Amino acid sequence: DTGVSQNPRHKITKRGQNVTFRCDPISEHNRLYWYRQTLGQGPEFLTYFQNEAQLEKSRLLSDRFSAERPKGSFSTLEIQRTEQGDSAMYLCASSLLLSGEKLFFGSGTQLSVL
Amino acid sequence: DQQVKQNSPSLSVQEGRISILNCDYTNSMFDYFLWYKKYPAEGPTFLISISSIKDKNEDGRFTVFLNKSAKHLSLHIVPSQPGDSAVYFCAASGTSGTYKYIFGTGTRLKVLA
């Protein structure tokens, strides 16, 4: 399977704990995006990378959120000191710059903060 | 401020008939539009796209129409099939080339057999 892979699929955590999600994009794709989706809403852009460079992070929801893509391949999204309002589906997408208009999404990580 | 709006939360259509899903946007700088389909517990799946230099794009049973003056696009599915039952999102992107798409809130389509 050469699609976008996200792990874990589900994460249940207690308020105040840190969580980290992983995204493995399609191998030749050089752009990687993180989105968040809450119930009844469309995906909301958080941040994106071109290779290892994080080109925009202004939409990360607070300084508790951070993302990395250290070698331009997989990416991690970390949420520190989780709050109940962080409960959502976190989606990763990738695209190839030269034909970058089409984003390919993973199945997402469903986060529940108790 | 919701820049991309899908004002119909749900739509029911008989199998074999046409499904028309609508999307409105407010930002005149948007120049690329996508439609995605989403099943429960899965990520969105790309359906069809349209650039602002076109007013129509077709791919099999799916056609997207763009009316730039009205800032409106629509997705037509003909004929509708039960497997088309899903949530459909439209998304728009501006000229920055970053493809930071703004998504609508989605329309849940139910195709009745």
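Preceding this paragraph is the structure being described.
Residues numbered from 1 in each chain as written. Chains lettered and ligands numbered in written order. Predicted model: local features only at pLDDT ≥ 70, side-chain atom pairs only at ≥ 80, totals over all residues. Heavy atoms only, no water.

*Asks:* Tell me about the environment of A:Asp63, and name the residues and values.
*Replies:* Relative to the elements of secondary structure, A:Asp63 occurs in the loop between strand S6 (53-56) and strand S7 (65-68). Judged by relative accessible area, A:Asp63 falls into the exposed class, the value being 69%. (Helix = DSSP H or I, 4+ residues; strand = E, 2+ residues; numbered from the N terminus. Buried < 20%, exposed > 50% of the residue type's maximum accessible area, 1.4 Å probe, protein only.)

*Asks:* Describe the packing of aromatic side chains, and please don't skip the residues or the numbers.
*Replies:* What the rule picks out here adds up to 14 aromatic pairs over all chains. An angle of 85° between the planes, with centres 5.5 Å apart, marks the rings of A:Tyr35 and B:Phe103 as edge-to-face. Note that A:Tyr35 is positioned in strand S4 (residues 31-37) and B:Phe103 in strand S10 (residues 102-103), a pairing that runs across two chains. Through successive ring pairs, a cluster of aromatic residues spans A:Tyr33, A:Tyr35, A:Phe45, A:Tyr48, A:Phe105, B:Tyr36, B:Phe46, B:Phe89 and B:Phe103. Looking at A:Arg22, its charged tip hangs above the ring of A:Phe74, at a distance of 3.9 Å from the centre. (Phe/Tyr/Trp six-rings, centres within 6.5 Å; stacked < 30°, edge-to-face > 60°. Lys NZ or Arg CZ within 6 Å of the ring centre and 35° of its normal.)

*Asks:* Lay out the environment of A:Pro8 with the relevant residues and their values.
*Replies:* Residue and element names in this part refer to chain A. Structurally, Pro-8 is set in the loop between strand S1 (5-7) and strand S2 (10-13). Taking the relative accessible area as the measure of exposure, Pro-8 reaches 30% and is therefore partly exposed. Counting along the chain gives 18 residues from Pro-8 to Ile-26, while the straight-line C-alpha distance between them is 17 Å. With residues up to four places along the chain from it excluded, the contact list for Pro-8 reads Thr-20, Phe-21, Gly-108 and Thr-109. (Contact = heavy atoms within 4.5 Å.)

*Asks:* Hey, could you go over the sheet that holds strand S6 (residues 56-59) of chain B for me, with residue numbers and the actual values?
*Replies:* All names here are of chain B. Reading across the sheet, the 5 strands line up as S1-S3-S8-S7-S6 and stay open at both edges, with antiparallel pairing between neighbours. In the strand order of this sheet, the two ends are held by strand S1 (4-5) and S6, each with one partner. Judged from the 6 bridges that link them, strand S3 (residues 19-25) and strand S8 (residues 72-77) form a sheet pairing that is antiparallel. Bridging from a neighbouring strand, Ile-20 pairs with His-76 of S8. (Pairing = 2+ DSSP bridges.)

*Asks:* Account for the interface of chain A and chain B, with residues named and values stated.
*Replies:* The interface of chain A with chain B comprises 20 residues on the first partner and 18 residues on the second. Between chain A and chain B, the buried area comes to about 1,700 Å², and carbon and sulfur atoms account for 57% of it. Counting the surface chain A buries against chain B, the share from its top three residues, A:Pro43, A:Glu101 and A:Phe105, is 28%. For the interface between chain A and chain B, the tally reads 0 salt bridges. Applying the counting criterion to the chain A and chain B interface returns 4 residue pairs in polar contact (both at pLDDT 80 or more). (Buried area = accessible area lost by both parts, 1.4 Å probe. Salt bridge = Lys/Arg side-chain N within 4 Å of Asp/Glu carboxyl O. Polar contact = N/O pair within 3.5 Å; in protein donor to acceptor, adjacent residues only side chain to side chain.)

*Asks:* How would you summarise the state of the cysteines if you had to cite specific residues and measurements?
*Replies:* Summed over all chains, the structure comprises 2 disulfides over all chains. Each disulfide pairs two cysteine sulfurs, and for A:Cys23 the partner residue is A:Cys92, the sulfurs being separated by 1.9 Å. The disulfide joining A:Cys23 to A:Cys92 has a torsion of about -70° about its S-S bond and is therefore left-handed. With A:Cys23 in strand S3 (residues 19-24) and A:Cys92 in strand S9 (residues 88-95), the pair connects residues that are 69 residues apart, well separated along the chain. For the pair shown, A:Cys23 and A:Cys92 are each scored as buried. B:Cys23 shares a disulfide with B:Cys90; S-S distance 1.9 Å. Torsion about the S-S bond of the B:Cys23 and B:Cys90 cystine: about 65°, corresponding to right-handed handedness. Of this pair, B:Cys23 sits in strand S3 while B:Cys90 sits in strand S9 (residues 86-93), and the two are 67 residues apart along the sequence. Residues B:Cys23 and B:Cys90 agree in their burial class; the two are buried. (Disulfide = S-S within 2.5 Å.)

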